[in-house]
Amino acid sequence: MSASQPPQPADVPTLLVKIFGKDRPGLTAGLFDTLAAYSVDVVDIEQVVTRGRIVLCALVTEPPAGLEGDLRATVHSWAESMKMQAEIISGIGDNRPRGLGRSLVTVLGHPLTSESTAAIAARITATGGNIDRIFRLAKYPVTAVEFAVSGTETEPLRTALAIEAARLGVDVAVVAAGLHRRAQRLVVMDVDSTLIQDEVIELFAAHAGCEAEVAEVTAAAMRGELDFEQSLHARVELLAGLDASVVDKVRSEVRLTPGARTLIRTLKRLGYQVGVVSGGFTQVTDDLKERLGLDFAQANTLEIVDGKLTGKVTGEIVDRAGKARLLRRFAKEAGVPLEQTVAIGDGANDLDMLNAAGLGVAFNAKPVVREAAHTAVNVPFLDTVLYLLGITREEVEAADTHLD
């Protein structure tokens, strides 16, 4: 709309001009150059390109009296000269108002099937929602698609789609739309089986010859069947007498989860602060903090006396409640509101942290965690969390190129 004219009332006649065909440079400029001869104002524009085919829609005001027929003929003639097709539809006013409630639904598939896409779309409709726009965020290592939905509130939509996602075996995240999504500036992760592929205490246990005993206690604790602090002390006692030199060996054995470096590097380039909290040990998390450029790191500390592990831990215990407490502490230190934080974890001792964060992501998690978290990711690539934040694969690659 031109700056010299007042806003168009809802009952002003408008034309929807749609151009579609093979994409090529200059089409958008050509269409609006053609329309400019008729003194129409632009009300709305939408353009989509898929596999080299373009659909360009322009909603414009009706031209001066007596010129609509000429406009139609000219647009069709221009489109034909460009080997495109044109469609022009008369109507009144702008697009119909969107319903109350704005949500962004991210669907991750590996692959994303027609069946699952249809089911998700149908469930959105069943909740009273309308899909206003669909946008692909990534095509690898997973297919990630974002639906902009209006007409329904975020929480009931999240609940409904969580049920559908579990049935279909796809990952679906639902967040409220708005500027706060891009304003999330602190991401805090669990370490064992989240940032890294390993359970650190099991790496230590392998050197102590008690791997099987420790693994069983760890599994029970992660399932929520044992008190974490009690299980921690029981496992650490089995490490008594190990030479402190084993710390360096364990550090060298730690394997980052696929996509971990990409996730952290991209978040840091976008201005996010990143931290880790762990029921594991500072002897490993401090090393990860230095290697990966993390802003925060907190874990338990193995006691070492005279070059030997004593089988005890020192300082404040980082357990389920402790992780949530540390998330709040990190957020305060980072100057980030709690609702603008993201927490990622896989075990029962991560639940308080996941629920305290603005967005809690269960990453390849145990069933009890998947059911309680805001959303779940069940593919083995940690950088897919970026898509839940609305960051596209192209943006990730552009950041990497700029970094190089």
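Under the annotation held in an unreviewed UniProt entry, the chain carries the name phosphoserine phosphatase and is attributed to Streptomyces huasconensis.

Caption draft 1: Highlighting the sheet that holds strand β12 (residues 308-314). Taken together, seven strands build an open sheet; the order of strands is β12-β11-β10-β9-β13-β14-β15 and the sheet is mixed. Here the strands that pair on one side only, and so sit at the sheet edges, are β12 and β15 (375-377). Adjacent strand axes in the sheet meet at a mean angle of 25° when their direction is disregarded. Inspection of the sheet shows strand β9 (residues 186-189) paired to strand β13 (residues 341-345) by four bridges, in the parallel sense. Bridge pairing links V188 to A343 in β13. Sitting on the sheet, helix α10 (residues 282-292) is in contact with β10 (273-281) and β11 (296-305), with an inclination near 140° to β11.

Caption draft 2: Molecular detail of the UniProt feature "domain: ACT" (unreviewed entry) in the chain. According to UniProt, the "domain: ACT" (unreviewed entry) feature falls on residues 16-94. Between the C-alpha atoms that bound residues 16-94 the distance is 10 Å, and the span itself is 30% helix and 42% strand.

Caption draft 3: Spotlight on the packing of aromatic side chains. Tallied over the entire structure, the rule returns two aromatic pairs. Centroid distance F204 to F281: 5.9 Å. Interplanar angle 90°. Geometry classified as edge-to-face. Here F281 lies in strand β10 and F204 lies in helix α5 (residues 200-208), a separation of 77 residues in the sequence. When sorted by exposure, F204 lands in the same class as F281, which is buried. Their ring planes at 15° and their centres at 4.7 Å tell us that F296 and F330 sit as a pair that is stacked. Separated by 34 residues along the polypeptide, F296 in strand β11 and F330 in helix α11 (residues 320-334) bring together distant segments of the chain.

Caption draft 4: Focus on the side chain of S231. In this structure, S231 sits in helix α7 (residues 228-237). Using a relative accessible area of 3% as the deciding quantity, one classes S231 as buried. Reaching out from S231, the side chain makes a polar contact with the backbone oxygen of F228 at a distance of 2.7 Å. If near-sequence neighbours (up to four positions away) are discounted, S231 is found in contact with V217, A221 and L226.

Caption draft 5: Structural detail: the pairing of β13. Counting buried positions over the five residues of β13 gives five, a clear majority of the element. Burial along β13 is two-sided: the face carrying T341, A343 and G345 and the face carrying V342 and I344 are both buried. The sheet contact formed by β13 and strand β14 (residues 359-363) spans four bridges and is parallel. Residue A343 lies in a different strand from β14, and its bridge partner there is G360. Assessed by its sense of winding, the connection that carries the chain from β13 through helix α12 (residues 351-356) to β14 is right-handed.

Caption draft 6: A look at the packing of helix α8 (residues 246-253) against α10. Packing of α8 against α10 brings their axes to within 10 Å, and their N-to-C directions diverge by 50°. It follows from the interaxial angle that α8 and α10 lie oblique. Remark: the crossing between α8 and α10 carries right-handed chirality. Contacts between α8 and α10 involve V247, V250 and R251 from the former and Q283, V284, D287 and R291 from the latter.

Caption draft 7: Focus on the sheet that holds strand β3 (residues 53-61). Read across the sheet, four strands follow the order β2-β3-β1-β4 without closing on themselves; strand pairing throughout is antiparallel. At either margin of the open sheet sits one strand with a lone partner, and together these are β2 (42-50) and β4 (85-92). For this sheet, the mean angle separating the axes of adjacent strands, direction not counted, is 10°. Pairing of strand β1 (residues 13-22) with β3, which is carried by nine bridges, proceeds in the antiparallel orientation. In the sheet register, I19 faces β3, and the bridge partner there is L56. Running at roughly 25° to β3, helix α1 (residues 27-36) makes contact with β1, β2 and β3 of the sheet.

Caption draft 8: Seen up close, the packing of α5 against α8. Between α5 and α8, the shortest axis-to-axis distance is 10 Å and the interhelical angle comes to 125°. Judged by the angle between their axes, α5 and α8 are oblique. Between α5 and α8 lies a crossing whose hand is right-handed. In this structure, α5 uses V200, L203, F204 and H207 to contact α8, whose residues at the interface are V246, V247, K249, V250 and E253.

Caption draft 9: Spatial organisation of unusual backbone geometry. Residue P111 follows H110 across a cis peptide bond; omega there is 5°. Omega for the peptide link from Y140 to P141 comes to 0°, which places this bond in the cis form. Backbone geometry places R51, a non-glycine residue, at a positive phi of 45°. As for its placement among the helices and strands, R51 is situated in the loop between β2 and β3. Residue classification places R51 among the exposed residues on the basis of a relative accessible area of 83%.

Caption draft 10: Broad picture of the pattern of salt bridges. This model, assessed by the stated rule, comprises 19 salt bridges. Where E68 meets R72, a salt bridge forms, and the shortest distance between an N and an O atom there is 3.0 Å. Placement of the pair is E68 and R72 together in helix α2 (residues 68-81), with a separation of four residues, close to one helical turn. The exposure class of R72 is partly exposed, given its relative accessible area of 24%. K268 serves as the salt-bridge partner of D295, at 2.7 Å between the closest nitrogen and oxygen. A residue pair is termed long-range when its members are at least 10 positions apart, and D295 in the loop between α10 and β11 and K268 in helix α9 (residues 260-269) qualify at 27 residues. Salt bridges sharing common partners tie together R123, E164 and R167.

Rules behind the numbers
- Residues numbered from 1 in each chain as written.
- Predicted model: local features only at pLDDT ≥ 70, side-chain atom pairs only at ≥ 80, totals over all residues.
- Heavy atoms only, no water.
- Pairing = 2+ DSSP bridges.
- Helix = DSSP H or I, 4+ residues; strand = E, 2+ residues; numbered from the N terminus.
- Axes fitted to C-alpha atoms, helices over the stretch in contact; angles between N-to-C directions.
- Contact = heavy atoms within 4.5 Å.
- UniProt positions renumbered as here; feature names shortened; annotations may be inferred.
- Phe/Tyr/Trp six-rings, centres within 6.5 Å; stacked < 30°, edge-to-face > 60°.
- Buried < 20%, exposed > 50% of the residue type's maximum accessible area, 1.4 Å probe, protein only.
- Polar contact = N/O pair within 3.5 Å; in protein donor to acceptor, adjacent residues only side chain to side chain.
- Right-handed = clockwise from strand over helix to strand, strands pointing away.
- Parallel < 35°, antiparallel > 145°, perpendicular 65-115°, else oblique.
- Left-handed = near helix turned anticlockwise from the far one by under 90°.
- Salt bridge = Lys/Arg side-chain N within 4 Å of Asp/Glu carboxyl O.

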